[in-house]
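Analysis of the macromolecular model
This is what each chain is made of:
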Amino acid sequence: MRRQELRSVFIHSPEFEKYELAPHHPFRPVRSKATYDLCAKLNLLSHDWIQVVNPKPLGVEFLLLFHDHKYIEYLQAADKGKFFDKLIEFNLGTGECPVFRGLYDYAALCAGAAFEGVRSLIKDRCDIAFSPMGGHHHAGKRHAEGFCYINDVAVIITYLLHRGMRVAYVDLDAHHGNGVQDAFYENDRVLTISLHETGETLYPWGGHRTETGEGPGQGYNVNIPLPPATDDEIYMAAFREIVPPLVEAFRPDLIISVAGADVLAVDPLTHLSLTNNAMADAAAVLRGFSKKLLVLGGGGYDIDALARAWALVWAVLNNIEPKDEYLGTVGGVFLGETDVESGSLRDAHVYTTGPDKKRINKQVNDTIDYIKRIVFPVHGLR
Ligand SMILES: [Zn+2]
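Residues numbered from 1 in each chain as written. Predicted model: local features only at pLDDT ≥ 70, side-chain atom pairs only at ≥ 80, totals over all residues. Heavy atoms only, no water.

With respect to the coordination of the zinc ion
Basically, it comes down to this: Coordination shells were defined by N, O and S atoms within 2.8 Å of each metal, extended to 3.2 Å for Na, K and Ca; water is absent from the atom set, which can make sites look incomplete. The secondary structure listing takes helices from DSSP runs of H or I that are at least 4 residues long and strands from runs of E that are at least 2 residues long, numbered from the N terminus. When a residue's accessible area, from a 1.4 Å probe over protein chains only, is under 20% of the maximum for its type it is buried; when over 50% it is exposed; and in between it is partly exposed.
Within the protein, Asp173 (OD), His175 (ND1) and Asp262 (OD) serve as the donor atoms for the zinc ion, at 1.9 to 2.1 Å. All donors of the zinc ion belong to a single chain; written as a sequence motif, their spacing is D-x1-H-x86-D. Here His175, found in the loop between β4 (167-171) and α6 (178-183), pairs with Asp262, found in the loop between β7 (254-258) and α8 (276-288); they are 87 residues apart in sequence, far enough to count as distant. As far as burial versus exposure is concerned, His175 and Asp262 are alike and both buried.

Some remarks on the layout of surface pockets
This is how the line gets drawn: Every definition here rests on a 1 Å grid over the protein atoms only: cavities are sets of points where a 1.4 Å probe fits but cannot get out, pockets are open sets enclosed by protein on both sides within 12 Å along at least five of seven lines, and lining residues have some atom within 4 Å of a point. Grid points are joined across faces, edges and corners, and a volume is the space filled by probe spheres set on the points. Each residue gets one of three labels, nonpolar for Ala, Val, Leu, Ile, Met, Phe, Trp, Tyr, Cys and Pro, charged for Asp, Glu, Lys and Arg, and polar for the others, Gly among them.
Counted as a void, the largest pocket has a volume near 210 Å³. Lining the largest pocket are Thr198, Glu200, Thr201, His208, Arg209, Pro225, Pro227, Pro228, Gln363 and Thr367. Per-class residue counts for the lining of the largest pocket are 3 nonpolar, 5 polar and 2 charged.

Some words on the sheet that holds strand β2 (residues 50-53)
In plain terms, the rule: For two strands to count as paired, DSSP must find a minimum of two bridges between them. Every angle, taken between N-to-C directions, lies between 0 and 180 degrees, and every axis is a line fitted to C-alpha atoms, over only the stretch in contact when it is a helix.
The sheet built from 8 strands is open, its strands ordered β2-β1-β3-β8-β7-β4-β5-β6 with parallel pairing. Each edge of the open sheet carries a strand with a single partner, namely β2 and β6 (221-226). Strand-to-strand twist across the sheet, computed as the mean angle between neighbouring axes with direction ignored, equals 15 degrees. Bridge count for β4 against β7 is 5 bridges, and the pairing is parallel. Residue pairing for β7: Tyr169 is matched across the bridge by Ile256.

Notes on α8
Our working rule: Helix span, expected: 1.5 Å multiplied by one less than the number of residues in the helix.
The end-to-end C-alpha separation of α8 is 18 Å, in line with the 18 Å expected for 13 residues at 1.5 Å each. Counting buried positions over the 13 residues of α8 gives 12, a clear majority of the element. Turning to α8, its buried residues are Asn276, Asn277, Ala278, Met279, Ala280, Asp281, Ala282, Ala283, Ala284, Val285, Leu286 and Arg287. Immediately beyond the C-terminal end of α8, within one or two residues, lies Ser290, with a positive phi of roughly 55 degrees.

As for the nonpolar core
As a reminder, the rule being used: Buried residues of nine kinds, namely Ala, Val, Leu, Ile, Met, Phe, Trp, Tyr and Cys, make up a nonpolar core once their side-chain atoms join them within 4.5 Å. The criterion used for residue contact is that any of the two residues' heavy atoms lie within 4.5 Å.
Ranked by size, the top nonpolar core spans 73 residues in total, and within it Leu195, Phe239 and Val247 carry the most contacts. The leading source of residues in this core is helix α9 (residues 303-317), at 13 residues. When sequence neighbours within four positions are dropped, the list of residues in contact with Leu195 reads Asp171, Leu172, Asp173, Ile224, Leu226, Tyr235, Phe239 and Val243. Residues Ala108, Phe115, Leu121 and Leu296 belong to the second largest nonpolar core, which totals 61 residues.

Looking at the packing of helix α4 (residues 103-122) against helix α5 (residues 152-162)
So the rule is basically this: In what follows, roughly perpendicular refers to angles from 65 to 115 degrees, roughly parallel to angles under 35, roughly antiparallel to angles over 145, and oblique to any angle outside these ranges. Helix crossings fall into two classes, left-handed where the near helix is turned counterclockwise from the far one by less than a right angle and right-handed where it is turned clockwise.
Relative to each other, α4 and α5 sit at 30 degrees, their axes nearing to 9 Å. Considered as vectors, α4 and α5 are oriented roughly parallel to each other. Handedness of the crossing formed by α4 with α5: right-handed. Taken together, the residues of α5 that come into contact with α4 (itself represented by Cys110, Ala111, Ala114, Phe115, Val118 and Ile122) are Asp152, Ile156, Tyr159 and Leu160. By residue class, the composition of the contact of α4 with α5 is 9 nonpolar, no polar and 1 charged.

Some details on empty space enclosed by the protein
Applying the stated criterion to the full structure yields 2 cavities of 30 Å³ or more. Considering the residues around the largest cavity, the lining is formed by 14 residues, among which Leu172, Ala259, Met279, Ala282 and Ala283 are closest to the centre.

Observations regarding helix α10 (residues 354-374)
In this model, α10 (21 residues) spans 31 Å end to end at C-alpha, consistent with the 30 Å of a helix rising 1.5 Å per residue. The inward-facing, buried residues of α10 contact β6 and α7 (232-250).

Considerations on the pairing of β2
Selection rule: Whether a crossover is right-handed depends on one test, that the path from the first strand over the helix to the second runs clockwise when the strands point away from the viewer.
Pairing between strand β1 (residues 8-11) and β2: 4 bridges, direction parallel. From the neighbouring strand, Ile11 faces β2, where its bridge partner is Val53. Regarding the hand of the β-α-β motif, the stretch spanning β1, helix α1 (residues 31-41) and β2 is right-handed.

What to know about the packing of aromatic side chains
The condition is simple: Two rings from Phe, Tyr or Trp (for Trp, the six-membered ring) form a pair when their centres are within 6.5 Å of each other. A pair whose planes differ by under 30 degrees is stacked, one over 60 is edge-to-face, and the rest are tilted.
A complete count under the given rule lists 20 aromatic pairs for this structure. An angle of 80 degrees between the planes, with centres 5.2 Å apart, marks the rings of Phe10 and Trp314 as edge-to-face. Taken together, the positions of Phe10 in strand β1 and Trp314 in helix α9 put the pair 304 residues apart, joining distant regions of the chain. Take Trp314: its relative accessible area is 0%, and that puts it in the buried class. A ring pair is formed by Phe62 and Tyr159, whose centres lie 6.0 Å apart and whose planes are at 70 degrees; its orientation type is edge-to-face. Of this pair, Phe62 sits in helix α2 (residues 60-63) while Tyr159 sits in helix α5, placing them 97 residues apart in sequence. Residue classification places Tyr159 among the buried residues on the basis of a relative accessible area of 12%.

Set out below in structure tokens:
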């Protein structure tokens, strides 16, 4: 898609920064403001093809597309910020999913941001939409999990299915997207591909390559678990081997991706060794499908690294070079040489070497072979 044909939407609400899950909780809603501010500073929002949209909380009738009504009732009851015993049944009021004042409004606003993205896309108001506050892929139908209360991804995919659409979901967060996998495990109208740190070393402890869907959904759920210390090179090789052929064969109406910044080597909660160059390269591939594309933020627990990574992803999605007198330029070449001069938005590459690299390469190649053997034939690929 040429730049002059592209229309994009950046979704951000100043309301997000009002919320705090708990003091010192690693998930900080200020991430949306941090990304927005950096993009604004780098002149990545003030172009005539870009619209910045302020989302509204999503109505309960849409939340119920995926969630159980009892769970939504208790989320609403938890909005006052007071814990009571019954909430534990829904995993609310735990260390990972604390109860806080405004919890329901916050969760509905996150879902509203993702919904604003799909609505802009299907109403043909844009071709690409990005919501830094989206991608709450761990929440279940009737429980909170992994810092996620409302599963915005499952809600909007269900909405799209009701409209007769086919959705490719590419989950690039460091954690396996268990909530979304479970939601569409038997569905052949959702192609779910998740690249994530292996469940042997990271929550939610699943996402094995053998989880490939069931019934009509057999072959429509793909997991690429990655060992700790997987670097950009290994990651992008796996991504290119699996994602483009499957997405092209599936022919989705729309692509949704979660671009979790917790894949970064500096992330305090995870163990991959990626840099934002891999995130940028993956975004460029997704943009290259020339399909309607919604990118949601996902995880990321180093706010500065997250803001730089998502500003870079946003720049790549829009095919523009940020220029800033302090930060310098991105380098101008997104798909070729990377610019690691100090001051660039791009991280310096981190390379895993020696026996570790060999071992990781072998494990990931085994997974690629497995997927090609088990999943590719379902899609007429060899
Ligand atoms: Zn994550």
